[in-house]
Amino acid sequence: MSLLEGKVAVVTGASRGIGRAIAEELAANGASVMVNYNASAEAAAEVVAGIVAKGGQATAVPADVSDFQAAQELIKTAIATYGHIDILVNNAGTTRDTLLMMMKEDQWDTVLDTNLKSVFNCCKAAVRPMVRRKQGGRIINISSVVGLVGQAGQSNYAASKAGVIGFTKSLAKEIGSRQITVNAIAPGFFLTALTDALSDEMKEKSLEFIPLGRWGELPEVGYLVSFLASDKAAYITGQVINVDGGIAM
Ligand code: NAP
């Protein structure tokens, strides 16, 4: 039997990048996956088609997860489609990098709403159905090494990702007795639309402080998500696990 046979997963922001790789890995391990996206309908449809072509189950669902009501609808749709929800991966995220002295209020708000409020929104929608079902559950929140060590030009992003960590630990304590685990993953550098904006010089320079001497491969986050989502990780909760080549140790 596959690792995640019979499990239903919702992955926010799964139309590309790390979210896509997570959705593909969960599906490869037997989970039925709701591929959430905000604007990229075509890309999300491609992710679903790729999963289905390999014999997996997936459905694309649009929702701006920074919007409370939209997040409630997303989880309702997942339950209506697949009957229940076992795994929630809060991955959707964005950046508006600039130094604090230049940062506009909307750059702060957009990043906090997309990266942190979305986690509240989706957990708020998913936890009650998980508790009622009495089958436990898995919540996996994608933070960042930047939330652990900070980064000039990313005070909004770092605050949102550090917030995700505090939220993760608090919720883990609240719902541990229901056998619902809540963990965070802190990725380092992965080549996606989010990081492609960095100059070649900065990409090259980043290698100096990555002990493993390379950027991560996208599936390398998916492997950890699949493990944390499985029954094998039932005794792991409230943790922040870095997938960063050793940047923050
Ligand atoms: P990406 O390639 O830019 O993908 C972002 C995804 O989030 C897209 O699928 C996008 O969908 C979705 N999204 C954005 N805003 C949304 C919203 N309001 N509602 C629903 N979906 C939304 O970024 P990525 O690099 O894969 O990042 C994924 C996560 O990993 C983020 O939380 C990021 O902070 C974190 N992370 C990334 C790195 C890295 O090196 N790349 C490092 C550490 C942490 P649409 O296209 O439809 O808008």
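Residues numbered from 1 in each chain as written. Predicted model: local features only at pLDDT ≥ 70, side-chain atom pairs only at ≥ 80, totals over all residues. Heavy atoms only, no water.

**As for the packing of helix H3 (residues 68-82) against helix H4 (residues 105-133)**
Relative orientation of the contacting elements H3 and H4 amounts to 40 degrees, with a least axis distance of 9 Å. Looking at the two axes, H3 sits oblique to H4. Judged by the twist between their axes, the crossing of H3 over H4 is right-handed. Judged by residue contacts, Phe 68, Ala 71, Gln 72, Ile 75 and Ile 79 of H3 engage Lys 117, Phe 120, Asn 121, Cys 122, Lys 124, Ala 125, Ala 126 and Pro 129 from H4. Across the contact of H3 with H4, the residue classes break down as nine nonpolar, two polar and two charged. (Axes fitted to C-alpha atoms, helices over the stretch in contact; angles between N-to-C directions. Helix = DSSP H or I, 4+ residues; strand = E, 2+ residues; numbered from the N terminus. Parallel < 35°, antiparallel > 145°, perpendicular 65-115°, else oblique. Left-handed = near helix turned anticlockwise from the far one by under 90°. Contact = heavy atoms within 4.5 Å. Nonpolar A, V, L, I, M, F, W, Y, C, P; charged D, E, K, R; others polar.)

**Observations concerning the site of the ligand**
The environment of the ligand is made up of 31 residues, and the closest members are Arg 16, Ala 39, Ser 40, Tyr 157 and Thr 192. Asp 64 places a side-chain nitrogen or oxygen 2.8 Å from a nitrogen atom of the ligand. Contacts to the ligand include Lys 161, whose side-chain N or O atom sits 2.8 Å from an oxygen atom. Here the ligand loses 95% of its free accessible area of 900 Å² to cover by the protein chains. Among the elements of the structure, helix H1 (17-28), strand E2 (32-37) and helix H6 (155-175) are those that each provide at least two residues to the shell around the ligand. (Near = heavy atom within 4 Å. Polar contact = N/O pair within 3.5 Å; in protein donor to acceptor, adjacent residues only side chain to side chain. Areas by Shrake-Rupley, 256 points an atom, 1.4 Å probe, with all protein chains shown as cover.)

**Points about the environment of Asp 97**
Within the element layout of this structure, Asp 97 appears in the loop between strand E4 (87-90) and H4. Beyond its immediate chain neighbours, meaning those up to four positions away, Asp 97 contacts Gly 153 and Gln 154.

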